[in-house]
Structure formats: structure tokens, C-alpha cells
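One letter stands for each residue in the lines below.
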Amino acid sequence: MALEKKIRELKEKREKMLLGGGEEAIEKQKAMGKNTARERIMSILDQGSFSEYDMFVEHDARDFGMDKKHLPSDGVVIGTGTVQGLPVAIFAQDFTVAGGSLGLMHSRKITKIMDHALKMRIPLIGINDSGGARIQEGVNSLAGYGEIFFRNTISSGVIPQISVILGPCAGGAVYSPALTDFVFVVENISKMFITGPEVIKTVLGEEISMEALGGARVHCEVSGNAHFFAMSEEECFSQIKKLVSFIPRNNDVKARVHDPVPPDKKYDIEKIVPGDPTLPYDVKDVIRAVADNSDFFEIQEMYARNIVIGFGRLGGKTVGFVANQPMEMAGVLDVDSSDKAARFIRYCDAFSIPLVTLVDLPGYLPGVDQEHAGVIRHGAKVLYAYSEATVPKLTVILRKAYGGGYIAMSSRHLRADFVFAWPTAEIAVMGPEGAANIIFRKEITTAANPDEVRRQKVEEYKEKFANPYVAASRGYVDSVIEPSETRKLLLHALEVSEDKVVQMPRKKHGIPPF
Amino acid sequence: MKEPDKLNIDQTHYTTRVSRRWAERKHYTPPEPGKIYSFIPGTVVEVLVREGDSVSAGDDIVILDAMKMKNRLKSHISGKVISINVSPGDRVPKGVMLVEIA
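Residues numbered from 1 in each chain as written. Chains lettered and ligands numbered in written order. Predicted model: local features only at pLDDT ≥ 70, side-chain atom pairs only at ≥ 80, totals over all residues. Heavy atoms only, no water.

Visitor: Please set out the overall build of chain B residue by residue, giving values where relevant.
Guide: A tally of helices and strands in chain B yields one helix and 10 strands. Ordering the α and β elements of chain B from the N terminus gives β-β-α-β-β-β-β-β-β-β-β. Radius of gyration (C-alpha) of chain B: 20 Å, far over the 13 Å computed for a compact globule of 102 residues. The C-alpha extent of chain B, read off along each of the three principal axes, is 55 × 30 × 20 Å. Within chain B, the proportion of its 102 residues that are buried is 33%. Taking all contacts inside chain B whose residues are at least 6 apart in sequence as the whole, residues at least 24 apart take part in 49%. (Helix = DSSP H or I, 4+ residues; strand = E, 2+ residues; numbered from the N terminus. Rg over C-alpha atoms; globule rule 2.2 N^0.38 Å. Buried < 20%, exposed > 50% of the residue type's maximum accessible area, 1.4 Å probe, protein only. Contact = heavy atoms within 4.5 Å.)

Visitor: How would you summarise unusual backbone geometry if you had to cite specific residues and measurements?
Guide: Residue and element names in this part refer to chain A. The phi dihedral of serine 410 falls on the positive side, at around 50 degrees, and the residue is not glycine. Its place among the elements puts serine 410 in the loop between helix 15 (403-408) and strand 14 (418-421). Taking relative accessible area as the criterion, serine 410 reaches 2% and is therefore assigned buried. Positioned with a positive phi, arginine 415 is a non-glycine residue whose angle comes to about 75 degrees. Tracing the chain through its elements places arginine 415 in the loop between helix 15 and strand 14.

Visitor: For the nonpolar core, give the residues involved together with the corresponding values.
Guide: Residues and elements named next belong to chain A. By size, the foremost hydrophobic cluster in this structure holds 65 residues, and its most contacted members are Phe311, Val322 and Ile397. Looking at this core, you find at least three residues from each of domain 1 (2-246) and domain 2 (269-431 + 466-496). Formed by 29 residues, the second largest nonpolar core is a distinct cluster that contains Val273, Val286, Leu314 and Val356. (Core = buried A, V, L, I, M, F, W, Y, C linked by side-chain atoms within 4.5 Å. Domains from an automatic or database assignment.)

Visitor: Break down the sheet that holds strand 4 (residues 42-47) of chain B for me, citing the residues and quoting the values.
Guide: All names here are of chain B. Pairing in this open sheet of four strands is antiparallel, and the strands run 7-6-4-9 from one edge to the other. In this open sheet, the two edge strands, each paired with only one partner strand, are strand 7 (69-74) and strand 9 (91-92). The pairing of strand 4 with strand 6 (residues 60-66) spans four bridges and is classified as antiparallel. Note that in strand 6 the partner of glutamate 46 across the bridge is isoleucine 63. (Pairing = 2+ DSSP bridges.)

Visitor: Mind laying out the domain arrangement of chain A, listing which residues take part and the relevant values?
Guide: Residue and element names in this part refer to chain A. Each domain of chain A was delimited in the assignment, giving domain 1 (2-246) and domain 2 (269-431 + 466-496). One C-alpha centre belongs to domain 1, the other to domain 2; they are set 36 Å apart. The partner domain 2 presents 15 residues to the 23 residues of domain 1 that form the contact. Both sides together, the interface formed by domain 1 and domain 2 hides about 1,700 Å², and carbon and sulfur atoms give 63% of it. When the area that domain 1 buries against domain 2 is broken down by residue, the three leading residues are Phe182, His227 and Phe246, summing to 37%. Lysine 242 is the salt-bridge partner of aspartate 295, the closest N and O atoms lying 2.8 Å from each other. Summed over the shared surface of domain 1 and domain 2, the number is nine residue pairs in polar contact (both at pLDDT 80 or more). Where the side of domain 1 that touches domain 2 is concerned, the elements lending two or more residues are helix 9 (216-221), strand 8 (228-230) and helix 10 (233-246). (Buried area = accessible area lost by both parts, 1.4 Å probe. Salt bridge = Lys/Arg side-chain N within 4 Å of Asp/Glu carboxyl O. Polar contact = N/O pair within 3.5 Å; in protein donor to acceptor, adjacent residues only side chain to side chain.)

Okay, here's the thing in C-alpha cells:
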């Protein structure tokens, strides 16, 4: 009978822990539209797959009356489970226990699961919902953050790291998500900032609400810190599951192959791109016209919309799409879009995901603000990321590819493996108007009818250079193709490059223009 | 319906949507080294010059208390103080022209 009693005891202990901060605190959490830490984990993981560790961990803080305080599981839930059959490690801060504040043992639980994830080479999902450092634990709590940041960095590019912000995440705590691959946020629930509205008000006299300072929308639209925006926790969880379906579990294996499904016929690839290079269209329709099942999973949809990034599949295999968006800012590269694209390119390269680049851009964005914001350095990130990437690089030039933008967008010169161009492609040093005005400046300015001469010269330039054939004649473009051949040729290119090997010179690491 | 936006790149006018950040970008203004602005919100502790004084580049002009620091704002140029817009004790937001030297 002793065994039965002990099992009963364990059950009672567990039940107590499962209540977290208690019913009252849970009610408060619910009133904010939030789930509890364990509910969140259960919603992300496959049913019944969660195995919790360290449920009985206790803090050992003694100062400021902490010795009398019992904090169930020390305010964080950790463990492993599966997402659609893929094993993952997960932690979730429990706001109902001391506001999810991070003390020494709390941090040790997180670092334990992080170490586990790295050793087992499985993805790490971190759910952040915390008031910040547990002030009573002083420098120990800072040490805890530091240990987490270090592991985020060391794990970067080895295992996928996903951060889910489901509550406040303020002060130093925000640097853990910032070091991870993907950050998910939810409207009205997520709040991220280094210094909160209070401090900003007292120090700077500027008044701002938490939502306006570091809410979900702000980080998706303005700062670019977050990658996925959801209106509810449930929507967020389904986004996480979808993301996991596209990525490999570590950097030694490829993403799982799905059954290939042809694109939806409603996306007619011949009818999306207007011939006139100054007219806009939605490049996502081109992606949908080539991707399996027309399924495109966009990342950072609301930030730097002039470039589009995200995952899709070709013949069942995950690829990363990078595409200029002529509908927004004419598809230019600028500070923000360069930053966004470069990071994604490096993600794909780290995790063996081939890159498919769709090119249609007039170049880099001119302007004092851009120059002063460092468009040189940020723009260079795109060159760096593409040059450095050794995954298969497939490029399709849809229309304009002018100047530095042409070079940057996965050109042959940065070692694209396949460069296809549509007959509408214009691969040139700049647009015809600009070029004609420079080359024929004298003829134009000295002519009796400068406007007429300018028009003639622009036409002349267009005729000669605004096409893919000059580049094709040099072999910079492998093949000029009909738009309708695009999917077939991309599938072929992927097949050919399945076992691509590139030898890079020995180095510790490069110095990208961060 | 709203007229679609245009963006001029290398003398070609593209029909496209322009971002709010671009539309609201701050236009460049050349620096005016004679004007001393509050670079941070704070409280004026002391104004060390009077109108008409001659000052040299590098002279302290105003002491501004902000972020627990008594910041010494210096003149970038040599010249005469032509206007003083604050007095000790004034709380000023960021970007207020405090003193002008010409």
C-alpha cells in the first residue's frame, strides 16, 4: 500500500503545481485574453506529447522576504514534445507566478531546456510572458539573462529558435527574442521594449502608451523586430505550426518533403506582370503561380513591404522566396528592405533551404534620409548574404533589373546557380530615361528641340538595352524563358542542385556589414 | 478614388504605393552651427552668457540638467550672442533653440 500512497502523493503535488499562481491569478490572466503557460504549450504541441521537466524546482532567494515565498515551478514551464510529429523543446514563462519574473532558478530551467535542445539538435520554442528581472534576486537574475543570451547565440544557425511574445517582454529580456530566428506577436497581448513608457515619460517628457511604444503592430510594421502578427493566441499557435512544417529540425538535415501539389490555375503567370516597367502588380501572385498548391507563407508581411520574403514549396521541397514588390515603393531596395532580405537569406542558407529570387526593381532608393541612414552599409548586407550563401540559388528576372539592384538580387556575379529571365526583363545599368539623359546629354541640350531628341534617344536606348539579350549574350543569364516555363525550370534546377557542394576558403567567420 | 502614388527613380516615374516612412521622411536642412538647441529634454540650470557677449568656439554657453547629468552646451563657433531664449529654471523639451550666436 505504500506505493499507492506515494503515487497519490505525487499526484497531489503535481496538481498543486499545475495550478501555477492559483485560481485568482489565472482568472486575471484569462481576463486579458491570455492562456496559461501550460495551456499555451498544449496548444502548440501535438496532443498528449508534452513531457514536463523540473516541475518541482524551487528558488532559494532569501532576501526581502523571499524565503517565505513559494513560487510554483519558479514561474516557468519547460519540457519537450512534438509539433506535427517533429520533436521540439519548449519553455513558457508563467505570468501567474510572480509575474513570470526571472530569477536564478527560473533562468536555470530555461537554460536547461536550451542546452537540451542544442544537444538533441531539435528546435527551441520560447514563450515569453514576464514582468522582467526578479528584482529581489539582484544580479543573479541578470546572470540568468546573460546565460540565456549566450545560448541563443551559440544555438543560432544550428537549431531553429522561435520566440513567442505572449505578454510583456521588457528591458534586457527582449534580447533573447531578438537573438532568435522568428518572433511571433499577438495584437493587444505582446509588449516589447527596452525602456517602458514610465521611464520615457520621466526622462524625456514624452508620453506614449505601451501599445504605441512596443505593441504587436509596432514591432511588425515599424521596428521590424517581429515576424508574425496574429489577432489572437490561437491564430498565433497555428502560425507557429505552419512555420515548423517548412523548416528542418537542425542544420544537418533538410526540411521534410511534402507531397507535391501543382499551383492553383487561377494564378495565370502570363497575365500578372504588365509589360510597362513603370506599372505595379503584386509579386506574391507570381510566387503563388509557381509554388506548390499556390501556398506562400509570408514572413514580415507588414514591414518593408517593398521586398517580399517567405517560404513555399517546389515539388514538395521547402524553398525561401525573395521577391521585389513593384506594388510598394516600386520594389526598391532601401535600408529596411535590405535588412529584411539579408537576414532571411542567411536563415535559408544556415538551414539548407534553397533560395528562389524573383527580380523586378529599379535599384536602390535615392534620398538624403536613406544615405544618412546608412543605405550603403545596409544595402551591402544583401550582397554579402547572397554571396555567402551556398544553398542552391535560383534567380528569375521578371522585368527590371537595373544597376546595383541587379547585382544585389542574386545575380550570376554573386554565384547564382541558375539565372532565368523572362522576355520582359530589362537588365541594364539604369532605366532608359536616366541612361539616355546621361549618355546623350550633349545631343539633347544642344538640340533645337531637346524634348524631341530626348524622346528619340530614350527610345533608341530602350530598343538596344532594355531587354534580357545583352546579358544573355554574355552568359550572365542562362536562359531567356517564357513565363509559363518558370515552374518547370525551377523544379528542374532544384533537382540538379540537390547535392550542390561549394568549397569556401578557411575562415573563422566573415565580417558582414551588420 | 485616390490618385496612385508615383516614385521617381532615375527620372522614371513608377506607379506604386509609397510607404508612410518615405512620405513622412524628414527633409534635409543644413546645419546652423550658431544655434544651440536642447539635444535632450531637461531643465536649464544656468545661462553663462549675456546678449552681446563675445564668445569663442568651445566656450560653455548653457548648463542643461538632463538624465541626471549637468550637460555643458558649448558654442560651435566664435561670435556674438545675439539672442537668449531661456532662463535658469526653465524646463525645455528636446530641440528648443536656447541661444543663438552669430
